[in-house]
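Single-letter residue listing:
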There are 6 protein chains.
Amino acid sequence: MNETPEAVSNSVRSRILIDALPYIRKYSNKIVVIKYGGNAMTNPELKSAVMSDIVLLTLVGIKIVLVHGGGPEINQMLKRVGIESRFVNGLRYTDEDTADIVRMVLAGKVNKELVSRLAEYGGKAIGLCGIDGGMISAHKMEGDVDLGFVGEIDAVDTKPVLDTLDNGYIPVISTVTCGKNGEVYNINADTAASRIAAELGAENLVLMTDIAGLLRDKDDPSTLIPTVHVSEVPFMKRQGIISGGMIPKIECCVEAVRRGVHKTCIIDGRVPHSILVELLTNEGIGTQFI
Amino acid sequence: MNETPEAVSNSVRSRILIDALPYIRKYSNKIVVIKYGGNAMTNPELKSAVMSDIVLLTLVGIKIVLVHGGGPEINQMLKRVGIESRFVNGLRYTDEDTADIVRMVLAGKVNKELVSRLAEYGGKAIGLCGIDGGMISAHKMEGDVDLGFVGEIDAVDTKPVLDTLDNGYIPVISTVTCGKNGEVYNINADTAASRIAAELGAENLVLMTDIAGLLRDKDDPSTLIPTVHVSEVPFMKRQGIISGGMIPKIECCVEAVRRGVHKTCIIDGRVPHSILVELLTNEGIGTQFI
Amino acid sequence: MNETPEAVSNSVRSRILIDALPYIRKYSNKIVVIKYGGNAMTNPELKSAVMSDIVLLTLVGIKIVLVHGGGPEINQMLKRVGIESRFVNGLRYTDEDTADIVRMVLAGKVNKELVSRLAEYGGKAIGLCGIDGGMISAHKMEGDVDLGFVGEIDAVDTKPVLDTLDNGYIPVISTVTCGKNGEVYNINADTAASRIAAELGAENLVLMTDIAGLLRDKDDPSTLIPTVHVSEVPFMKRQGIISGGMIPKIECCVEAVRRGVHKTCIIDGRVPHSILVELLTNEGIGTQFI
Amino acid sequence: MNETPEAVSNSVRSRILIDALPYIRKYSNKIVVIKYGGNAMTNPELKSAVMSDIVLLTLVGIKIVLVHGGGPEINQMLKRVGIESRFVNGLRYTDEDTADIVRMVLAGKVNKELVSRLAEYGGKAIGLCGIDGGMISAHKMEGDVDLGFVGEIDAVDTKPVLDTLDNGYIPVISTVTCGKNGEVYNINADTAASRIAAELGAENLVLMTDIAGLLRDKDDPSTLIPTVHVSEVPFMKRQGIISGGMIPKIECCVEAVRRGVHKTCIIDGRVPHSILVELLTNEGIGTQFI
Amino acid sequence: MNETPEAVSNSVRSRILIDALPYIRKYSNKIVVIKYGGNAMTNPELKSAVMSDIVLLTLVGIKIVLVHGGGPEINQMLKRVGIESRFVNGLRYTDEDTADIVRMVLAGKVNKELVSRLAEYGGKAIGLCGIDGGMISAHKMEGDVDLGFVGEIDAVDTKPVLDTLDNGYIPVISTVTCGKNGEVYNINADTAASRIAAELGAENLVLMTDIAGLLRDKDDPSTLIPTVHVSEVPFMKRQGIISGGMIPKIECCVEAVRRGVHKTCIIDGRVPHSILVELLTNEGIGTQFI
Amino acid sequence: MNETPEAVSNSVRSRILIDALPYIRKYSNKIVVIKYGGNAMTNPELKSAVMSDIVLLTLVGIKIVLVHGGGPEINQMLKRVGIESRFVNGLRYTDEDTADIVRMVLAGKVNKELVSRLAEYGGKAIGLCGIDGGMISAHKMEGDVDLGFVGEIDAVDTKPVLDTLDNGYIPVISTVTCGKNGEVYNINADTAASRIAAELGAENLVLMTDIAGLLRDKDDPSTLIPTVHVSEVPFMKRQGIISGGMIPKIECCVEAVRRGVHKTCIIDGRVPHSILVELLTNEGIGTQFI
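Residues numbered from 1 in each chain as written. Chains lettered and ligands numbered in written order. Predicted model: local features only at pLDDT ≥ 70, side-chain atom pairs only at ≥ 80, totals over all residues. Heavy atoms only, no water.

Chemist: Any chance you could explain the overall build of chain A here in plain terms?
Modeler: Each helix and strand in chain A was counted, giving 11 helices and 14 strands. Relative to its length of 290 residues, chain A is compact, with a C-alpha radius of gyration of 19 Å against a globular reference of 19 Å. Dimensions of chain A, computed from C-alpha atoms along their principal axes, come out at roughly 60 × 45 × 35 Å. Expressed as a percentage of the 290 residues in chain A, the buried residues total 60%. A separation threshold of at least 6 residues defines the contact pool for chain A, and within that pool the share at least 24 residues apart is 72%. Across chain A, 30 positive and 36 negative side-chain charges occur, with their mean positions spaced 3 Å apart. (Helix = DSSP H or I, 4+ residues; strand = E, 2+ residues; numbered from the N terminus. Rg over C-alpha atoms; globule rule 2.2 N^0.38 Å. Buried < 20%, exposed > 50% of the residue type's maximum accessible area, 1.4 Å probe, protein only. Contact = heavy atoms within 4.5 Å. Lys, Arg positive; Asp, Glu negative; His and termini not counted. Charge placed at Lys NZ, Arg CZ, Asp CG, Glu CD.)

Here is the structure:
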């Protein structure tokens, strides 16, 4: 294989564009929710690739909704303001001050930076968080362990997202919101992306991760499972194929499919342009849940 | 005068509502830009009054656009992260790190808090900053003194604001944006409000301040000048009536009127419900520029 | 209590406006049908108050539909043209000539006068009667006694009313119409208002009367019953609390609620601004049926 | 010529329908204002013919606006209520009471009767007068002689008429209105029709009269002048061809053409279906002004 | 009966126009599908009459869809290019070359000629065939006998037809289409018209034929059956009243009614203006199936 | 250079897609008129490439209008029906019969085949000719030599083309039309494409030809002139660089640019996917006129 686009003849270039045709058609005017996070967010080159991918997908008529996490910026800011992380049973406890910092970093820094990066590539975006237009209603997450100001979604009002799409902008969403009394809640970005995709009736939910996908043997990339039916998931959990940190991510996938999203994929955000490969080629990349 | 609403008879109540009629009609479906800042932003009771005022004005058919400054929250955060303010010729120098913190505090904390406070009073709002939808284009402010990442507005694209109004939301705007290379600029909120009002062809621009208005003798509240024609301003400056910190504020007023805003007012944000009094009574409050 | 609006401070004025907020929100964009008649129609000051109330309610986003009776003007004209009222079993018999005069007075005098009075207060109205756009289909009322050209409603076509609202006008409706052969029918205004409210799916039907509301002891105003569930009405009739002239009025209320109107009220039209008090305060006035 | 439609074969019937084709096309979606008055309004058979003509014209896509006078009904009612006509220099003086009766008869009787007659033929109409929606602004007519409450038009707001057409109804207009202080004004129906046609940019203004048209010799019907250029009118006045009662009528025609109406016609309302002949045949009838 | 339109007085002309009123109202804004073929297509005078009829019907607000067959032009062209017709069991076999010629003649000659003829009469039309916009999906007709490239309809996408009507044009449709592999299919025009009418929910399907209608005794025109209920058809077949070439035509009528078309008629295309007589008079012509 | 798309890595594939981004953005929602003819129309592989190119361009948001010539199919059919070509001064004379055949072949065969080929690649198209919707008005071309039924364009009504685009279809246009008396005219496809592009205000007019572009030395492909300003054309003609058959083609380009088309290109239709290369790469291909 040759590895530079410059070495590709016009004829082959054209064939490659033409090859994308059925996929462009498939997603034309459909909503695709991309959960953006991990290496693809911290590595500058990968970030540039994601930004240009999203703008391209938007231009060819796909309605992209970008949901993002916070990456290391939250930890940096917490450290900078001198908040020490408290852990309960190995899980981070989010006190009120922390929740406030999280909101500020997500909605005021990461979100707006993404909006301005998309603009560099010619994309017009609007940054939103769960508070805007009352988009995400949430309450304190209940569970065995009190994690503080971590929220659980009650409902998603898709109007602000759909309005933004209809007005011709890419919605970029931070997954913080506030409760009935104005208290700030941080919400897991995978969970929020899954629920937003479901409420929007998205065609596809793409979770960008730092793994190749679901591997039968987690140490052997050649054992990648390209497609999983959501009904197989319980069995795969019992077998141990799905385990550890993969469990909550895959549950987001399963939940989205159950609520009506046609397909969700876990893709390798470390591979440049993995979103394009997933959406516009017949290979796909990573693991899809249907 | 009696001082509790409870003591007012239904008949008088009705007359008071009726008295507001010509003003409601005057502003019906018109855009009013409110620059929110100062005491009205830090005092919790005043803040509550402003929030309910804005929701009421929205409900009676006035299209409110809320532009806010940062109040003391910026300084608190700068202090907390250990950034010391540097001054050049008495003006604060904004280095890149500071600009970043300002954006984060304005767009991620103050802005979203306002959106959630409006929601408490039944208002549906969307928080935006100059970056969203490419609303505010800016470049580094030029001048005798280099103030760092302080921006000067090139152009305002009103589409994101008008879309937000058309979709039925109150636009809440932080006056930070980014330049052509993605560099963050902080923009003076009065200046930004003035320009946004002009580009929107607003009916009225209301600047909330911590003074009673323009006083002929600044130590004597009874010398309040209720109305100033913008053509009188140069003379008033020469006379010293307009001086010091009033100069830039009043220049924002003059500029807005010159660019087509019907009227701008400097009102006393320390008086509860001063916005309502200004917009819905025949007294007005503070000083209007026409 | 102080009794002049002038004596009320701006601060209290603002609180009074703010107090109306939840009610404005409640009725925002909803249809309220007001049956206008009695003293509120003959007393010039009360009339002015009603006109300004309606214009205010319209401006704050409530869709008012005004249905009116004829007041004493019908009798004056009948007398003037020398028609003597004929009574059958104590009820007025409407012969063809009388029906014609009634139509002329209602649709040509009372209706157009109301339209021009509303215009004085800045309201834009269109006067309609049951004939316009085929709004009200009716046939001769059947009963033990032949009352002549008194009509019973077959159907209401709400299109002319909704069109008028959509075009930005207040519909002012005279309750006369014609039958299949062009014969003129006079229709009881309370009954017509009730049916129109029902067909429009109105939020509220307000009947202006010359009584304080439903009194447990009709001679003691302190026994006002503020709220009646329509299911209680039969029992109240048996008890004699609802009796005489109140019966048909209350039946209009019950019928409207049964057909889907959220609430109907009998209010005291002799109290100035009683409509505003009913719609925009938490006290209400008179008796509501739910 | 045979004189019954029954005697006409299907083939000839079809040809007659086809003959109307170019005229239907010409007026398709255009506004035609018909001033209705005279014999065509008092003779029941002529009235029926006019009603069915208007409904047919509406159905084939012509936007008919019907402006009517009062016919003898005003005099009958004035007589019935005992108002004696007062004349000043041979012109009727309209006192306040008379103006009130005129409004009542026009807007409440004649207008609504026309609406209900059109309904009999399947037409959906809405009756309006100059007061509705503030359609006609007027002031007291000034002149050598004080005629009392006779109005002169200041302005016509066509919105209520255009709304009515857009909503699918035939606007039927009484030419009474009120002044700034609510005083009632009676307006000459020819004048009002001419001005309304002009403001609507009508294709044609048809004045129904009780004469054959403009005759060169007023006693010889064979001298009918079919077409007059408005520039010829002054000369024809000097020649005495246009004289007496024809002068104001023809001035309405001239004024309408000058203000942009493509053509106005004076047609013989005594001939059944003269409107159809004028609008849908190549003969025309009466005199057209262009 | 007099036989020239010129001999008809204006008064009778008007009455004839008025007589059409209820029929125009009945079909106003409704879709009527006309299957055009036979003598009405080959005789120049009849053709002119049909063209002007269609334009008139369009102008009075009826939505005409014109479906046409090929008349003798197909045979002429086949002969001209030297294709000899092959018959199987008495039915013409359509080989690939023939199908190609049929498409060319129908979609390129007959169709475009009709569009240009309609334009002569002031009608704006767009010519379509089953291929355009994927309107008609078809497969090879299966049966006892292989007839070659004769198609059977799978589905009709009415969007291209409705778009054409909405854009203000008369759709003129050739009943050729292609299959999944691009192979050309000729489709029986009666069958296609029946199916298109059904899918459009047409008010009426008019089949122009060279017979007077369904006759009880096929040699006696006085035995015309004006109305047939589709439930009577099986019995009429058994009786032999419906036989021979009438069977497929009447099955198209029955099928259209069963699929929701309100009424279908077989009319005599040899009578000039038979469409107008059918649609705009109370006589009708030919036989209607309901 | 590698010559198969399969050999290209996903990463390079993605970069190639991304490279197309600025061009997709440039043409997004803009109209591009493609004149299709020559080898690209006769060679099946080139034809397939053009079809898929057009569908891709449509999907990525470019509004393609396809104008086609007749290729060799006209001559084949003329030969088949035995029409011998007559030449006048070396130019083909088009008699009435020939014009009829040309229309039939273009509008009934070539046009519909293109529509059905586009459908194979997932494109929805509607075939039109100049007659449809009265799109092209023409008269007999005047000149030194009488060429028979060859037309010259009077006017183009773009409504049928714009409607087709708005309805979501690709307009495929045959350049035949008819004159005022229904006579058929054949119009040069380059000329028609140029005029249609101008009337549509197209962004680009692409003429597919069988040459590499404009060569400085017509025998040396390395002398291709990539860009010509239309003002240079007269000089180039005098120099002989533009000569022979190139003259009319280039005049179409010049004319289109003069009438407002942003750019026209002569591209080499013999190169597969030359349209894609021209529109979606930074190389372009052939010669552009600006």
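Chemist: What am I meant to see in the packing of helix H4 (residues 44-59) of chain A against helix H6 (residues 96-120) of chain A here?
Modeler: Packed helices, taken two at a time, are described by the angle their axes make and the gap between the axes. All names here are of chain A. Where H4 meets H6, the axes come as close as 9 Å, and the angle between the chain directions of the two elements is 65 degrees. By the angle class used here, H4 and H6 are roughly perpendicular. Seen from above, H4 lies across H6 with right-handed handedness. Contacts between H4 and H6 involve Lys-47, Ser-48, Met-51, Ile-54 and Val-55 from the former and Glu-113, Leu-114, Arg-117 and Leu-118 from the latter. Here the contact of H4 with H6 is built from residues that sort into five nonpolar, one polar and three charged. (Axes fitted to C-alpha atoms, helices over the stretch in contact; angles between N-to-C directions. Parallel < 35°, antiparallel > 145°, perpendicular 65-115°, else oblique. Left-handed = near helix turned anticlockwise from the far one by under 90°. Nonpolar A, V, L, I, M, F, W, Y, C, P; charged D, E, K, R; others polar.)

Chemist: Got a minute to help me understand the interface of chain F and chain A in this structure?
Modeler: When the parts come together, some accessible area is lost, and that loss is often what is quoted as the size of the interface. The partner chain A presents 38 residues to the 38 residues of chain F that form the contact. For the chain F face of the interface with chain A, the top three residues by lost area are Ile-16, Leu-17 and Leu-59 of chain F, together amounting to 18%. At the junction of chain F and chain A, the tally comes to two salt bridges. The partner of Arg-13 of chain A in a salt bridge is Asp-19 of chain F, with the nearest N and O atoms 3.6 Å apart. Viewed at the interface, chain A and chain F are joined by two residue pairs in polar contact (both at pLDDT 80 or more). Taken together, the elements giving at least two residues each to the side of chain F that touches chain A come down to helix H1 (10-19), helix H2 (21-27), helix H4 (44-59) and helix H11 (274-280) of chain F. (Buried area = accessible area lost by both parts, 1.4 Å probe. Salt bridge = Lys/Arg side-chain N within 4 Å of Asp/Glu carboxyl O. Polar contact = N/O pair within 3.5 Å; in protein donor to acceptor, adjacent residues only side chain to side chain.)

Chemist: Looking at this structure, how should I read the pattern of salt bridges?
Modeler: Pairs can form between side chains of opposite charge once their charged atoms are near each other. Taken as a whole, this structure holds 132 salt bridges over all chains when the rule is applied. Between Lys-237 of chain B and Glu-251 of chain B there is a salt bridge, with the nearest N and O atoms lying 2.6 Å from each other. With Lys-237 of chain B in helix H9 (residues 233-239) and Glu-251 of chain B in helix H10 (residues 246-258), the pair connects residues that are 14 residues apart, well separated along the chain. Judged by its relative accessible area of 40%, Glu-251 of chain B falls in the partly exposed class. Several salt bridges share partner residues, and in doing so they unite Lys-47, Glu-73, Lys-109 and Glu-113 of chain A together with Asp-100 and Arg-103 of chain B into one network.

Chemist: Help me understand the relation of the copies chain F and chain A in this model?
Modeler: Superposing the two chain copies requires a rotation about an axis and a translation along that axis. Note on the copies: chain F fits chain A at an RMSD of 0.1 Å, the axial shift is 0.0 Å, and the rotation between them is 180 degrees. On this basis, the relationship between the two copies can be described by a two-fold rotation axis. Using C-alpha coordinates, one finds that chain F approaches the rotation axis most closely at Val-60 of chain F, a distance of 2.1 Å. Interface residue correspondence from chain F to chain A reaches 100%, placing this contact among same-surface, isologous pairings. (Least-squares fit on C-alpha atoms with pLDDT ≥ 70 in both.)

Chemist: Help me understand the sheet that holds strand E5 (residues 125-129) of chain C in this model?
Modeler: Hydrogen bonds between backbone atoms are what pair the strands of a sheet, whose relative direction is either parallel or antiparallel. All names here are of chain C. The strand order across the open sheet built from eight strands is E5-E8-E2-E1-E11-E13-E14-E12, with neighbouring strands paired in mixed fashion. Strands at the two margins of the open sheet, each flanked by one partner only, are E5 and strand E12 (227-228). In this structure, strand E11 (residues 204-209) lies alongside strand E13 (residues 263-268), joined through six bridges in parallel fashion. By the bridge assignment, Met-208 is partnered in E13 with Ile-267. The sheet contacts of helix H10 (residues 246-258) involve strand E1 (31-36), E11, E13 and strand E14 (287-289), and relative to E13 the element is tilted by about 150 degrees. (Pairing = 2+ DSSP bridges.)

Chemist: Got a minute to help me understand helix H6 (residues 96-120) of chain F in this structure?
Modeler: Since the α-helix packs 3.6 residues into each turn, any two residues three or four apart lie on the same face. Residues and elements named next belong to chain F. Counted at 1.5 Å a residue, the expected span for H6 with its 25 residues is 36 Å, and the 35 Å between its end C-alpha atoms agrees. Roughly 30 degrees is the biggest bend found in H6, and it falls at Leu-106. With its phi angle positive at about 90 degrees, Gly-122 sits one or two positions after the end of H6. (Expected span 1.5 Å × (residues − 1). Bend = angle between axes of the 7 residues up to and from the residue.)

Chemist: I'm lost on the interface of chain B and chain A in this one. Help?
Modeler: At the interface, 35 residues of chain B touch 35 residues of chain A. For the pair chain B and chain A, the summed buried surface comes to about 2900 Å²; carbon and sulfur atoms form 50% of the total. Contact with chain A buries surface across chain B, with Arg-80, Met-104 and Lys-112 of chain B losing the most and accounting together for 21% of the total. Put simply, chain B and chain A have 10 salt bridges between them. Salt-bridge contacts for Arg-80 of chain B lead to Asp-97 of chain A; the nearest nitrogen and oxygen are separated by 2.4 Å. Counting the contacts that link chain B with chain A gives 14 residue pairs in polar contact (both at pLDDT 80 or more). The element best represented in the side of chain B that touches chain A is helix H6 (residues 96-120) of chain B, accounting for 14 residues. Here the residues of the side of chain B that touches chain A sort into 16 nonpolar, six polar and 13 charged.

Chemist: Which parts of the structure should I look at to understand the packing of aromatic side chains?
Modeler: For any two aromatic rings, the description comes down to two numbers: the centre-to-centre distance and the angle of the planes. Under the counting rule described, the total for this entry stands at six aromatic pairs over all chains. The ring of Tyr-93 of chain A carries the charged tip of Arg-86 of chain A above its face, separated from the ring centre by 4.1 Å. (Phe/Tyr/Trp six-rings, centres within 6.5 Å; stacked < 30°, edge-to-face > 60°. Lys NZ or Arg CZ within 6 Å of the ring centre and 35° of its normal.)

Chemist: I tried to follow the relation of the copies chain B and chain A on my own but got confused; where do I start?
Modeler: Each copy of the sequence occupies a distinct position, and chain B is placed on chain A by a rotation of 180 degrees and an axial shift of 0.0 Å, giving an RMSD of 0.1 Å. The residues that chain B uses at the interface reappear at the interface of chain A in 100% of cases, marking a shared surface.

Chemist: Can you walk me through the nonpolar core in this structure?
Modeler: A general trend in soluble globular proteins is that nonpolar side chains are found buried together. Counting 328 residues, the largest nonpolar core has Leu-280 of chain A, Leu-280 of chain B, Leu-280 of chain C, Leu-280 of chain D, Leu-280 of chain E together with Leu-280 of chain F as its most contacted members. With residues up to four places along the chain from it excluded, the contact list for Leu-280 of chain C reads Leu-17 of chain B together with Asp-19, Ala-20, Tyr-23, Ile-24, Leu-56, Leu-57 and Ile-62 of chain C. (Core = buried A, V, L, I, M, F, W, Y, C linked by side-chain atoms within 4.5 Å.)

Chemist: Mind showing me how you'd approach the sheet that holds strand E5 (residues 125-129) of chain E here?
Modeler: Residues and elements named next belong to chain E. Strands sit in the order E5-E8-E2-E1-E11-E13-E14-E12 across an open sheet of eight strands; the sheet is mixed. Where the open sheet ends on each side, the last strands, each with one partner, are E5 and strand E12 (227-228). The pairing of strand E2 (residues 63-68) with strand E8 (residues 170-174) spans three bridges and is classified as parallel. Following the sheet pairing, His-68 is matched in E8 by Ser-174. Running over the sheet, helix H6 (residues 96-120) touches strand E1 (31-36), E2, E5 and E8 and is turned about 155 degrees from E8.

Chemist: Help me understand unusual backbone geometry in this model?
Modeler: What is expected of a backbone is that most residues other than glycine have negative phi and most peptide bonds are trans. Residues and elements named next belong to chain B. The phi dihedral of His-273 is positive, around 60 degrees, even though this residue is not glycine. Counting through the fold element by element, His-273 comes out in the loop between strand E13 (263-268) and helix H11 (274-280). Relative accessible area serves as the criterion here: at 9%, His-273 is assigned to the buried category.

Chemist: Would you mind showing me how to read the packing of helix H8 (residues 189-200) of chain E against helix H10 (residues 246-258) of chain E here?
Modeler: Residue and element names in this part refer to chain E. Where H8 contacts H10, the axes come no closer than 9 Å and their chain directions differ by 10 degrees. Classed by the angle they form, the pair H8 and H10 counts as roughly parallel. Along the contact surface, H8 presents Asp-190, Thr-191 and Ser-194, while H10 presents Lys-249, Cys-252, Glu-255 and Ala-256. Taken together, the residues that form the contact of H8 with H10 break down as two nonpolar, two polar and three charged.

Chemist: In this structure, what is going on with the environment of Ile-131 of chain A? I would like to understand it.
Modeler: Residues and elements named next belong to chain A. Topologically, Ile-131 is positioned in the loop between strand E5 (125-129) and strand E6 (136-140). On the basis of relative accessibility, which here comes to 4%, the residue Ile-131 falls in the buried class. Separated by 89 residues in the primary sequence, Ile-131 and Asp-220 have C-alpha atoms spaced 43 Å apart.

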